[in-house]
Amino acid sequence: MPDVLVLVDHDGKRVRRTTHELLAAARRLGDPAAVVVGTPGTAARLREDLARHGATSVYAAESPEADRFLATPAVDALELAAGDASPAAVLVSATTEGREVAGRLAARLDAGLLIDVSGVDPSGVVTQVVFGGSYTVRAQVTHGMPVMALRPGSFEPQERPELPEERQLALPPVDPAASARVTARRAAPGGDRPALTEADVVVSGGRGVGGADGFKVVEELADALGGAVGASRAAVDAGYYPHQYQVGQTGKSVSPQLYIALGISGAIQHLAGMQTSKTIVAVNKDPEAPILGLADFGVVGDLFAVAPVLTQEMAARRAGR
Ligand code: FAD
């Protein structure tokens, strides 16, 4: 089987769930070869987790400056690994940085680029969400090696233990004048909640929440469900919630098991970021709101009356009532 390169998403200590999803998808095309880009020692820390999720080889692309630049070290590492392995495809997560890595790598390798992939056939044909979510198409790269950015939440992680072969990549020094440099790192606010793109449950609030204080209702329901909090662009633009939680065409793409939309009308740009969620629940006081046409379960009502009842019910069930 040919290798399929998988760029590992990690925080230095832990492999993110999005990588487990990539490894499961890579298995359909060949042997998953995980590429770890980080400071020295990172690959050794992540190896056991990657092996458990099916990596048949692990590339260590390590250098003391690997976490000081955005995207460039990952593009360099994938280019080197592609030269080494002649892979059938390269897979990255369709996060903000992943998309940039995918685009730059495809340009460097003169490869075909597929963004927002939500399904992969063993033949290499993929399902893709395009034009801001207006269409779902089937596509295949016909020239060069495919570089694919996979939508978080679209693939189920699988445990499939392997004994991965270790391979080293010597990262070249990064030219600071031609690359975005990391100047500071701050923990994102959000406490113990799961990351938006990794959560099984996302509870999002829109303009209907009415203000920053109103988001307490959204957070309480998310916490009762062990989920992440999201927001519409209108809510973000109005300053109700920070920008990094925006879901949609110009925000994050999510595909959780359960998406709950509170006070969100369902504009196409919002749907673009969440319409592949497995089950969608919407609470809106307007029976004509477009989101109710997409939702699996719609509640016509005031979110401030409905959401607290859901929160209470979930808390009671968790406590085993
Ligand atoms: P509104 O459309 O104002 O809807 C608020 C809803 O809340 C209404 O349906 C109302 O009935 C309901 N409501 C009010 N009070 C209550 C209550 N008490 N209880 C229950 N329901 C209540 N939007 C995104 O979300 N993400 C994006 O990434 C994004 N990208 C964009 C990119 C471009 C280029 C453009 C042009 C737009 C983009 N937008 C995006 C904006 C998008 O078009 C909408 O304006 C936005 O999604 C609307 O947000 P909303 O649903 O929260 O607000």
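Residues numbered from 1 in each chain as written. Predicted model: local features only at pLDDT ≥ 70, side-chain atom pairs only at ≥ 80, totals over all residues. Heavy atoms only, no water.

Undergrad: Help me out: how do you make sense of the overall build of the protein in this one?
TA: Assigned secondary structure in the protein consists of nine helices and 14 strands. With respect to the principal axes defined by its C-alpha atoms, the protein has extents near 60 × 45 × 40 Å. Relative to its full complement of 321 residues, the protein shows a buried share of 53%. Contacts in the protein between residues at least 24 apart in sequence constitute 68% of all its contacts with a sequence separation of at least 6. About 14700 Å² of surface is accessible on the protein, with carbon and sulfur atoms providing 51% of the total. (Helix = DSSP H or I, 4+ residues; strand = E, 2+ residues; numbered from the N terminus. Buried < 20%, exposed > 50% of the residue type's maximum accessible area, 1.4 Å probe, protein only. Contact = heavy atoms within 4.5 Å. Areas by Shrake-Rupley, 256 points an atom, 1.4 Å probe, with all protein chains shown as cover.)

Undergrad: Sorry, what's going on with the site of the ligand here?
TA: Among the 24 residues in the neighbourhood of the ligand, the closest are listed as Arg 207, Ser 232, Thr 250, Ser 265 and Asn 284. Gln 246 is positioned such that a nitrogen or oxygen atom in its side chain is 2.8 Å from an oxygen atom of the ligand. The contact in question runs from a nitrogen atom of the ligand to an N or O atom on the backbone of Val 247, over 2.8 Å. Bound to the protein, the ligand loses 75% of the 980 Å² it would expose on its own. When residues of the shell around the ligand are traced back to their parent elements, those giving at least two are α6 (233–237) and α7 (268–271). Here the shell around the ligand is composed, by residue class, of five nonpolar, 14 polar and five charged. (Near = heavy atom within 4 Å. Polar contact = N/O pair within 3.5 Å; in protein donor to acceptor, adjacent residues only side chain to side chain. Nonpolar A, V, L, I, M, F, W, Y, C, P; charged D, E, K, R; others polar.)

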